[in-house]
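# Structural characterization, general
Here is what each chain is made of, one letter per residue.
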Amino acid sequence: MTNLIRWQRPDIAIWPGFGRLTDIRDEIDRLFESPFAELANSSRLLSGWTPALDLYEEKDNFVVKAELPGMKREEIEVSLHEGSLSISGERKSEEKYESAEVHRTERFFGRFQRTVTLPSAVAADKVKAQYRDGILTVTLPKTEESKPKSIDVTVK
Amino acid sequence: MNTTVQEEVRPTVDRAARQEFVAPKVNIFETKDGYVLEAEMPGVTKEGLEVTIEGNEITIIGRRQTDATPGELLFRERRLADYHRVFELDPAMDTAKVSARMEQGVLTLTLPKSEKIKPRKIAVD
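An account of the accompanying structure is given in this report. (Residues numbered from 1 in each chain as written. Chains lettered and ligands numbered in written order. Predicted model: local features only at pLDDT ≥ 70, side-chain atom pairs only at ≥ 80, totals over all residues.)

This next bit is on the overall build of chain A. The secondary structure content of chain A amounts to 1 helix and 9 strands. Order of helices (α) and strands (β) in chain A, N terminus to C terminus: α-β-β-β-β-β-β-β-β-β. Across the 156 residues that make up chain A, the buried fraction comes to 21%. Put simply, of all contacts in chain A between residues at least 6 apart along the chain, 56% involve residues at least 24 apart. (Helix = DSSP H or I, 4+ residues; strand = E, 2+ residues; numbered from the N terminus. Buried ≥ 20, exposed ≤ 12 C-beta atoms within 10 Å, placed from the backbone. Contact = placed C-beta atoms within 7 Å.)

A few words on the environment of Val116(A). Residues and elements named next belong to chain A. Considering the arrangement of structural elements, one finds Val116 in strand 7 (residues 110-117). C-beta crowding within 10 Å serves as the criterion here: with 24 such atoms nearby, Val116 is assigned to the buried category. Between the C-alpha atoms of Val116 and Leu80, which are 36 residues apart in sequence, the distance is 9.5 Å.

Taken together, the 5 strands give an open sheet; going across it, the order is 8(A)-9(A)-3(A)-2(A)-7(B), and neighbouring strands pair in antiparallel fashion. In this open sheet, the two edge strands, each paired with only one partner strand, are strand 8 (128-132) of chain A together with strand 7 (72-75) of chain B. Each strand of the sheet is rotated relative to its neighbour by a mean of 25 degrees, with strand direction disregarded. Bridge count between strand 3 (residues 61-67) of chain A and strand 9 (residues 135-141) of chain A: 7 bridges; the pairing is antiparallel. Residue pairing across strands places Asn61(A) opposite Pro141(A), the latter belonging to strand 9 of chain A. (Pairing = 2+ DSSP bridges. Axes fitted to C-alpha atoms, helices over the stretch in contact; angles between N-to-C directions.)

The next subject is the sheet that holds strand 3 (residues 26-30) of chain B. Overall, antiparallel pairing links the 5 strands, which are arranged 6(A)-3(B)-4(B)-10(B)-9(B) in an open sheet. Each edge of the open sheet is held by one strand with a lone partner, namely strand 6 (101-105) of chain A together with strand 9 (99-103) of chain B. Taken pair by pair, the neighbouring strands of this sheet meet at an average axis angle of 15 degrees, ignoring direction. Two elements, strand 9 of chain B and strand 10 (residues 106-112) of chain B, share 5 bridges in a ladder whose sense is antiparallel. Considered in strand 10 of chain B, the bridge of Ser99(B) is made with Thr110(B).

Residue and element names in this part refer to chain A. Phi angles above zero are rare outside glycine, and Glu82 is one such case at about 50 degrees. Tracing the sequence through the fold places Glu82 in the loop between strand 4 (76-81) and strand 5 (84-91). Residues other than glycine seldom take positive phi values, yet Asp133 does so here, at roughly 50 degrees. Of note, Asp133 is situated in the loop between strand 8 and strand 9. The buried category is assigned to Asp133, around which 21 C-beta atoms lie within 10 Å.

This is how it looks when you write it as structure tokens:
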């Protein structure tokens, strides 16, 4: 069965002050939509941190972009297993603020994991990952068999 | 005395409000020397950052680097809007000494309290 492109809800965040309310609404939307997502499964919906990610398909590659601000490269683990890409890690909270008075904590800390099932096979040894400005970009080249090929139609 | 950094929801009519914005997640801590505000804005670099203090308000605007989206989008969760958030300042802050640092999409603002507000030991002769 072909994979359906997920309907993209138009963004409604026009009022800056209501940004946080739309975040809660996003979480609830994801809770209801995820059983029907064929391409990606959000594991552990109710755990603290599920970083947002996008999946793109180019002619020769799949590209995954995940938002992981404020991490160190060593804290991010990327692995590929049987056609599924896993991004996980742990963001440690700053110790120097342990004794401070906390006014607001909206940022998540702790472990996270996201797994994305790729639509077709990729060459595991050629996968590249780059972390810049808080965004992790993983480029997964397709195997030769996965690339779209045009088939000539002959008419007899 | 209530000395917190509060966020104010206000209907704005300036140019910034007409564009679609998202509020970045923040952590705010208070130590005896001042406040530390961390705002998460992945995709924003120093060049896209605008922090302004006007009166008793601090406005943070973060413009994302527009990187071309590769190929065809199959699945999207990221919100690609720019960031905007306004905070009301504690009058005890020394606005002249605010410092900012941007690293891997996280803005860290250090807002020291004015010297005269800090608790100070007075030596007794």
